[in-house]
Amino acid sequence: MAIAFGAIGAVVTGGNIAVPTPAGFSAGNLLLAVITQDSNTNDTPPAGWTRQFRVHAGFSGGSLAAPRVAVYTRIATGSEGASQTWTFSGSHWPTGSPDTQGVMMSFTGVDTANPVESVATDTDTSGGGDPEFHPRATTSAVNTWLITLRVRSGPTTNFTCSVGGDTERVDTSSTDLDFALYTSGALSPGLQTQRSTTAGTPAASDGDVMATLVLKPSSAAGATVAQAGVAQAVGTA
């Protein structure tokens with residue numbers, strides 16, 4: 001069965017956040033949630049969600065908030081309701097800013113036992129320039145999908161992806177934390193094209209997170225290996 005994108009809910013911001021479930025999802029669909037926050041906070045998911053990764057780029061200070069991002073998945077049961085609530089510990093930086101964001105999307109045709117075949121992340125804490133290169137993946141299953149995620153701490157910005165055939169599903173801009181997510185569509189097995197993303201406002205960042213996730217179709221066989229990107233060195237604070 002081929003993977004297909006279902007829908008995406010609204011992006012929400014604030015303190016503890018009730019992340020809307022996407023329209024039209026049903027039992028057996030994959031739900032994927034992206035939660036961004038500043039590095040002074042830590043998130044707690046609702047029951048029943050699997051954390052695929054949580055990583056931060058630097059520590060909050062100065063006038064901006066260094067980003068921390070987590071991605072969670074859940075095979076829907078149909079009982080999720082209109083939203084799912086994430087809670088956060090620690091103080092937000094800067095005080096009073098909306099330094100938590102969340103969004104949820106759905107996919108059909110994903111392997112319900114092992115929906116995410118591989119995950120790789122990279123960070124840049126140098127406040128450096130764009131483009132930022134994402135970890136590269138080698139896929140061995142037919143019809144896998146790549147998810148490319150970029151999270152950035154900096155002035156209001158929007159992003160572009162180096163692979164024009166990828167579909168932008170979300171691209172946020174706030175006073176502190178911005179993120180964008182792209183999906184590839186079905187891919188043939190092999191070493192995939194390395195993705196890079198470019199911020200529309202490339203200067204003055206307090207950190208960037210780049211991630212690549214591989215979704216496995218329900219009929220897929222074989223393994224997928226993610227490899228760290230080699231096209232850009234990761235800066236240090």
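Residues numbered from 1 in each chain as written. Predicted model: local features only at pLDDT ≥ 70, side-chain atom pairs only at ≥ 80, totals over all residues. Heavy atoms only, no water.

Caption draft 1: Up close: the overall build of the protein. Along the protein, the regular secondary structure elements total zero helices and 20 strands. Out of the 237 residues in the protein, the part that is buried amounts to 54%. Pairs at least 24 residues apart make up 81% of the contacts formed inside the protein by residues separated by at least 6 positions. Carbon and sulfur atoms form 52% of the exposed surface of the protein, whose accessible area is close to 8,800 Å². (Helix = DSSP H or I, 4+ residues; strand = E, 2+ residues; numbered from the N terminus. Buried < 20%, exposed > 50% of the residue type's maximum accessible area, 1.4 Å probe, protein only. Contact = heavy atoms within 4.5 Å. Areas by Shrake-Rupley, 256 points an atom, 1.4 Å probe, with all protein chains shown as cover.)

Caption draft 2: Structural detail: the pairing of strand β12 (residues 136–139). In β12, alternate side chains face the same way, and those of Ala 137 and Thr 139 are buried while those of Arg 136 and Thr 138 on the opposite face are not. Sheet topology places β12 next to strand β17 (residues 190–191); two bridges connect them, and they run antiparallel. In the sheet register, Thr 139 faces β17, and the bridge partner there is Gly 190. (Pairing = 2+ DSSP bridges.)

Caption draft 3: Structural context of the sheet that holds strand β14 (residues 159–161). With antiparallel pairing, the three strands of this open sheet are ordered in space as β11-β18-β14. Both outer strands of the open sheet, β11 (132–133) and β14, are each paired with one neighbouring strand and no more. Where β11 lies against strand β18 (residues 196–199), two bridges are found, and the strand directions are antiparallel. Along β18, the bridge assignment pairs Glu 132 with Thr 197.

Caption draft 4: Here's a closer look at the packing of aromatic side chains. All told, the structure shown has four aromatic pairs when counted by the stated rule. Clustering of aromatic rings is evident, with ring pairs tying together Phe 5, Phe 107 and Trp 145. Here Arg 169 stacks its cationic end above the ring of Phe 5, 3.8 Å away from the centre of that ring. (Phe/Tyr/Trp six-rings, centres within 6.5 Å; stacked < 30°, edge-to-face > 60°. Lys NZ or Arg CZ within 6 Å of the ring centre and 35° of its normal.)

Caption draft 5: Examining the sheet that holds strand β16 (residues 177–183) more closely. With respect to topology, five strands assemble into an open sheet ordered β10-β19-β13-β16-β15, the strand pairing being antiparallel. For this open sheet the edge positions go to β10 (116–124) and β15 (167–171), each flanked by a neighbour on one side alone. Adjacent strand axes in the sheet meet at a mean angle of 15 degrees when their direction is disregarded. Note that strand β13 (residues 145–153) and β16 share seven bridges and pair antiparallel. When the bridges of β16 are listed, Ser 153 appears paired with Leu 177. (Axes fitted to C-alpha atoms, helices over the stretch in contact; angles between N-to-C directions.)

Caption draft 6: Looking closely at the pattern of salt bridges. A full pass over the atoms with the stated rule returns eight salt bridges. Two residues, Lys 216 and Glu 117, come together in a salt bridge whose shortest N-O distance is 3.9 Å. Residue Lys 216 is located in the loop between β19 (207–215) and β20 (224–227), and its partner Glu 117 is located in strand β10; the two are separated by 99 residues in the primary sequence. Assessed through its relative accessible area of 12%, Lys 216 is described here as buried. Of the charged contacts, one joins Asp 166 and Arg 195 as a salt bridge, the two residues approaching to 2.8 Å between their closest N and O atoms. (Salt bridge = Lys/Arg side-chain N within 4 Å of Asp/Glu carboxyl O.)

Caption draft 7: Spatial organisation of the pairing of strand β3 (residues 17–20). A one-sided burial pattern is seen for β3, the buried positions being Ile 17 and Val 19 and the unburied ones Ala 18 and Pro 20. Pairing geometry for β3 and strand β8 (residues 83–89), over four bridges, is antiparallel. Paired with Val 19 across the bridge in β8 is Gln 84.

Caption draft 8: Structural view of the nonpolar core. Core analysis: the biggest nonpolar cluster contains 26 residues, and Val 34, Phe 53, Val 69, Phe 107, Leu 149 and Leu 215 have the highest contact counts within it. Secondary-structure elements contributing two or more residues to this core are β4 (30–38), β6 (50–56), β7 (67–75), β9 (100–108), β13, β16 and β19. Residues in contact with Val 69, not counting those within four places in the same chain, are Val 34, Ile 35, Thr 36, Phe 53, Arg 54, Val 55, Leu 149, Val 151 and Val 209. (Core = buried A, V, L, I, M, F, W, Y, C linked by side-chain atoms within 4.5 Å.)

Caption draft 9: Representation of the confidence of the model for the protein within the structure. Here the protein shows a mean pLDDT of 85. Residues at 70 or above account for 82%. Across the protein, the secondary-structure element scoring lowest on mean pLDDT is β20, at 45, and the one scoring highest is strand β1 (residues 4–8), at 98. Per-residue pLDDT stays below 50 along residues 221–237; that stretch engages in 49 contacts with residues further than four places along the chain or on separate chains. (pLDDT = per-residue confidence, 0-100.)

Caption draft 10: Spotlight on the environment of Arg 74. Topologically, Arg 74 is positioned in strand β7. Note: C-alpha distance between Arg 74 and Leu 30 (44 residues apart in sequence) is 5.9 Å. Apart from the residues within four sequence positions on either side, Arg 74 is in contact with Asn 29, Leu 30, Leu 31, Ala 47, Gly 48, Trp 49, Ser 79 and Glu 80. Here Ala 47 takes part through its backbone oxygen, which lies 3.0 Å from a polar atom of the side chain of Arg 74. (Polar contact = N/O pair within 3.5 Å; in protein donor to acceptor, adjacent residues only side chain to side chain.)

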